[in-house]
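Working through the structure, step by step
Residues per chain are reported as follows:
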Amino acid sequence: MAIQKLTASMLRYNCDPDVFNFENTAEMEPIEGIIGQERATKALEFGLRVKSKAYNIFVAGITGTGKTSYITSVIKGLAVKGSVADDWCYIYNFKDPDSPISVSLPAGMGEIFVKDMEKFINGLQREIPLFFSGEDYQLQANQLLSKYHDKVNEILNLFEKQAKEKGVILRKTDKGLAVIPLINGKPIDEQEGLELDEAATKEMQQRIDEVQQELERVTRQIRELDKEQEQQLEQLERELALNIITPELDKLSTKYYSLSKIISYLNQVKEDLLNNLDMFKIISKKKEANQDAKGSGTTGKAIQNFISRYAVNLFVNHSLSKGAPVESESNPTYYNLFGKIEGKPYLNSIVSDFSTVKSGAVHRANGGYLIIQAADLLKDPVAWDALKRTIQNSKAVIENIGEQYKAIPSTTVKPEPIPLSVKVILIGSPTIYNALYNYDEDFQKLFKIKVQFDTVMELKDKSLHMYAQFISSVCRRENLLHFHRSAVAKVIEASLRLAEHQKELSTRFNHVVELIYESVAWAEMEGSHLVLDKHVQKTLLEKINRANLLEDKVHDKILSNNILIATEGSGVGQINGLTVYNMGDHTFGMPARITARCYIGEKGIINIEREAKMSGSIHDKGVLILQGYLGGQYALDKPLSLSASICFEQSYGGVDGDSASCAELVAIISSLSGVPIKQNIAITGSMNQMGDVQPIGGVNQKIEGFFRLCKEKGFKGDYAVIIPIQNQPNLMLNEEVVEAVGKGQFNIYAIKHIDEAIELLTGMKAKDIHVKVNERLVRMNTENIKLKTI
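Criteria and cut-off values
- Residues numbered from 1 in each chain as written.
- Predicted model: local features only at pLDDT ≥ 70, side-chain atom pairs only at ≥ 80, totals over all residues.
- Heavy atoms only, no water.
- Helix = DSSP H or I, 4+ residues; strand = E, 2+ residues; numbered from the N terminus.
- Rg over C-alpha atoms; globule rule 2.2 N^0.38 Å.
- Buried < 20%, exposed > 50% of the residue type's maximum accessible area, 1.4 Å probe, protein only.
- Contact = heavy atoms within 4.5 Å.
- Areas by Shrake-Rupley, 256 points an atom, 1.4 Å probe, with all protein chains shown as cover.
- Lys, Arg positive; Asp, Glu negative; His and termini not counted.
- Charge placed at Lys NZ, Arg CZ, Asp CG, Glu CD.
- Pairing = 2+ DSSP bridges.
- Right-handed = clockwise from strand over helix to strand, strands pointing away.
- Axes fitted to C-alpha atoms, helices over the stretch in contact; angles between N-to-C directions.
- Left-handed = near helix turned anticlockwise from the far one by under 90°.
- Nonpolar A, V, L, I, M, F, W, Y, C, P; charged D, E, K, R; others polar.
- Parallel < 35°, antiparallel > 145°, perpendicular 65-115°, else oblique.
- Phe/Tyr/Trp six-rings, centres within 6.5 Å; stacked < 30°, edge-to-face > 60°.
- Lys NZ or Arg CZ within 6 Å of the ring centre and 35° of its normal.

A count of helical and extended segments in the chain gives 27 helices and 31 strands. Over its C-alpha atoms the chain spans a radius of gyration of 47 Å, topping by over 25% the 28 Å that the globule rule assigns to 790 residues. Within the chain, the fraction of its 790 residues that count as buried is 48%. A separation of at least 24 residues holds for 78% of the contacts in the chain among residues at least 6 apart in sequence. Accessible area of the chain: about 39,900 Å², with a carbon and sulfur share of 50%. Across the chain, the 93 positively charged side chains and the 101 negatively charged ones have centroids separated by 5 Å.

With that out of the way, let us pick up the side chain of threonine 41. Structurally, threonine 41 can be placed in helix 1 (residues 38-49). Residue classification places threonine 41 among the buried positions, given a relative accessible area of 16%.

Counting buried positions over the 6 residues of strand 31 (residues 746-751) gives 6, a clear majority of the element. In the sheet, strand 1 (residues 4-5) pairs with strand 31 via 2 bridges, with the strands oriented antiparallel. If you follow lysine 5 over to strand 31, its bridge partner there is tyrosine 749. You can see the chain leave strand 30 (residues 719-724), run along helix 25 (residues 735-742) and come back into strand 31, and the turn it takes is right-handed.

With their axes 8 Å apart at the nearest point, helix 23 (residues 661-673) and helix 27 (residues 766-789) run at an angle of 65° to one another. Read as a crossing pair, helix 23 and helix 27 show a hand that is left-handed. Residues Ile669, Ser671, Leu672 and Ser673 of helix 23 pack against Ile769, Lys772, Val773, Arg776, Leu777 and Met780 of helix 27. Among the residues forming the contact of helix 23 with helix 27, the class breakdown is 6 nonpolar, 2 polar and 2 charged.

Once that is clear, we can look at the sheet that holds strand 24 (residues 604-607). Judged by pairing direction, the sheet is mixed, and its 8 strands sit side by side in the order 1-31-30-27-22-23-25-24 without closing on themselves. Because the sheet does not close on itself, it has two edges, and the strands there are strand 1 and strand 24. Across the sheet, helix 23 is in contact with strand 22 (574-582), strand 23 (587-599), strand 24, strand 25 (643-648) and strand 27 (681-683); its angle to strand 23 comes to roughly 30°. Running over the sheet, helix 24 (residues 699-713) touches strand 22, strand 23, strand 27, strand 30 and strand 31 and is turned about 85° from strand 23.

Turning our attention to the packing of helix 17 (residues 485-499) against helix 19 (residues 533-547). Between two packed helices, both the angle of their axes relative to each other and the distance between the axes serve to describe the pair. Contact geometry for helix 17 and helix 19: axes closest at 7 Å, N-to-C directions at 30°. Classified by the angle their axes make, helix 17 and helix 19 are roughly parallel. When helix 17 is examined against helix 19, the residues Ser486, Ala487, Lys490, Val491 and Ala494 are found in contact with a partner set consisting of Asp533, Val536, Gln537 and Leu540. The residue inventory of the contact of helix 17 with helix 19, partitioned by class, reads 5 nonpolar, 2 polar and 2 charged.

This next bit is on the packing of aromatic side chains. The final tally for this structure, using the stated rule, is 25 aromatic pairs. Relative to phenylalanine 315, the ring of tyrosine 90 has its centre 5.0 Å away and its plane inclined at 85°; by these criteria the two rings are edge-to-face. Taken together, the residues tyrosine 90 in strand 3 (residues 87-91) and phenylalanine 315 in strand 8 (residues 313-316) connect sequence positions 225 residues apart. Note on tyrosine 90: relative accessible area 1%, which makes it buried. Of the residues examined, phenylalanine 315 reaches a relative accessible area of 5% and is grouped as buried. Each residue in the set Tyr92, Phe94, Phe113, Tyr256, Tyr265, Phe306, Tyr310 and Phe354 is aromatic and connected to the rest through ring pairs, giving one cluster. Here the basic side chain of lysine 538 rests over the ring of tryptophan 522, its NZ or CZ set 5.0 Å away from the ring centre.

Read these as layout, nothing more, since geometry by itself doesn't imply function.
Written as structure tokens, this is what we have:
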């Protein structure tokens, strides 16, 4: 078999600074937009053009690809060219106060309307009380009252005269007018009444009844006059008040003539003012008494509550906006998105009205764009459901969600919904997108545009130039030291390492920006006027040193034999596999001893990790694949009578992944054949049932982990790592490993088939090993048969 031994030049891509036609990034033009996301930019442009409410956008990509900043910048750039959205106000509903009316006005007019109504009401609070206390009103009111009194006196005088003619007079008492009979022209007293005979008494009572009936008629007549007088006085007040109200309202009506809702509202304001002139009389009296009309006390609060109904709640204000609105809600809770109805204290209770309705991000984004982080939105299921419902109905409803769960709902208002036209952009991970797409039917209907951000871009001359431009952009924007071209080359190599490919650059620009910041810091500490390659290299080493405490401790335990890893000699059923530990801010590789023991039985392969519930599903699958390989390789002409246990020794945190399946198979074959495995060679690689080796992840960290252990134990020239041949393009090993390979102190082999690994690890031909295994399995099968017959 042709086993490939990798040369030093195959282990990393070295970026030559001479490929750049500049000395430092100060000579470069800053780049606009985003790098390496052509697919995403095309999808975004299309999604933003489609106007349908179903074509909202989900931007999918892992953290650090720059998707949020790019999406925001693109949308803001597009929004500037769009139309400014309308202002929205809530006004008092005179017909149904619990249902505030929503009104839209051209941008900037909402603020003006608020001031106009405030000026109008403030003017009325001055003018109408002055009118009630003015001479003109008092003169006309007195004339009206005098005329009324004259009529009443005339009626009463005539009645008294007629009553006197009938021998009775009227006398005022606490209970009203009393009818008193006369005898000889004088009011009769009680004693005289007792002395009258029956006929006189009867005649007197008849006269009293007649006058009493006439008194009731007169009383009714006076009441009618009272009512008429009140109506006339009210009409007078209305006519005089109209002289104050109408000119100002006419000005407002002329100003807002094109807005039918406001014209209707102003007409209702006029009617309501005329129907509540008594409130202005109270204001007038309080002012005459040198009291604040809106002061404390029940009356003051009633006045304040009355006056506030004519105010305007500027719900959404776009007076300072340029172009369509763009709202990016960082905390998308229900109330932050959809607004709420607040309460205010009034007479020892909490009430709400049109003035307590507050807007949310959805309302402010109306007519434009709303950007939300999907993960944050989904933390509030009520907010997610409400967002879908709002998009579907094209209406923004404002309601307090807690009311429906209260045993006794509090009194609150129900504002008129606002028509909605907004493009919603959700930003999240591919995992969130897939979950929503597969398990939420509404999501499929409402978010038809998927914008996918890739984590890598192809390494080309153009992309190298763009990377340099990106570095220049960051340095200019943040006023940082610029990078020498040698430092740019090191950043390129770090990007390739991050992408884990010799021909692909990483598009996770948050990591690149971190590298830029920290490299500048090291350059400034040295007093350099440019960032050089050594500063970038220093940054990479220091980032590792800050985070690799656990890695150092594990290595110390291996060196002190607390963790048993053999790197010399050979052993049957024992092999060095390679694992990767991801600590979040640091990923490192480490060798792991994998052992296998085979014995008579029919249990097949026993995965000790799985039996101990420490094995992940992918690792379990890898072990089952080994079972398939063994059956296909050795049991075509006989049963596979075998019991074998495999184990990651001294593993206490669980195992997952299938990259150890090659190592596990070689360990089993060694145990079956009795042929020892070289301990100076470690192996990583997945395999299929046919024995073909498959690529794995974390290849650089795995190689470097074993290399560090070999270096610390002292090079002997025969240490090596076996990797799948497909992983060769993924190699971006550190320069220390490359140098050791160049000197022949360390070796890396790339294989295609498991037989190549068997030969490297045992020093024997694979076919000879298979013969030994087959012979052993035949003997085990025979022993199994004997045991069954006993």
